[in-house]
Amino acid sequence: MSGYSNVGQGSVYEAGDQRNPKDSEVEGRPRYQEGMEHSHLPNDSKDERSIANRLDNEERKLNRKEQDDPETSASKKDPTLPAKLHGNEPSKGAKVDADLRSEEEEYLKNKGKK
């Protein structure tokens, strides 16, 4: 069909370089790296993960134990401790948190005795 055209060269209309090679002719392509870290964001609305995969992800989150760094674990024990570890004075909020925690512990001890 392209041989009947009167416009341009005949080689322009040949599709030899535009065709996809057969799978048997293609050398081994590098395999796509599946499951790369942070490749799926849990709250991404455009992510096409199935509902089952999203549920599995949530169950995994609930069942795993996260390793806390020393500062985080120290702040859970005493809110003023991280500032003291760095040689700083604790903030007003940390002091209030420590006071509330001590008051709650005292209240629970008194409540348990009665």
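All figures in this text were calculated on a predicted structure; none of them were measured in a lab.

Things to note about the overall build of the protein
Summing up its helical and strand segments, the protein has 4 helices and 0 strands in all. Put simply, the protein runs from its N terminus to its C terminus through helices and strands in the order α-α-α-α. Taking as baseline every contact in the protein between residues at least 6 positions apart, the subset at least 24 positions apart corresponds to 8%. Of the roughly 11300 Å² of accessible surface on the protein, 49% is carried by carbon and sulfur atoms.

A look at the confidence of the model for the protein
Per-residue confidence for the protein gives a mean pLDDT of 78, with 75% of residues at or over 70. The secondary structure element of the protein with the lowest average pLDDT is helix α2 (residues 70-77), at 81, and the one with the highest is helix α4 (residues 92-113), at 91.

A word on the pattern of salt bridges
Under the criterion given, the structure shown has 2 salt bridges. Glu58 is the partner of Lys61 in a salt bridge, and the nearest nitrogen-oxygen pair spans 3.7 Å. On the criterion of helical spacing, the pair formed by Lys61 and Glu58 is a turn pair, its members being 3 residues apart in helix α1 (residues 51-63). Glu89 is paired through a salt bridge with Lys95; the nearest N and O atoms lie 2.8 Å apart. Its relative accessible area of 36% is what places Lys95 among the partly exposed residues.

What counts as what
Residues numbered from 1 in each chain as written. Predicted model: local features only at pLDDT ≥ 70, side-chain atom pairs only at ≥ 80, totals over all residues. Heavy atoms only, no water. Helix = DSSP H or I, 4+ residues; strand = E, 2+ residues; numbered from the N terminus. Contact = heavy atoms within 4.5 Å. Areas by Shrake-Rupley, 256 points an atom, 1.4 Å probe, with all protein chains shown as cover. pLDDT = per-residue confidence, 0-100. Salt bridge = Lys/Arg side-chain N within 4 Å of Asp/Glu carboxyl O. Buried < 20%, exposed > 50% of the residue type's maximum accessible area, 1.4 Å probe, protein only.

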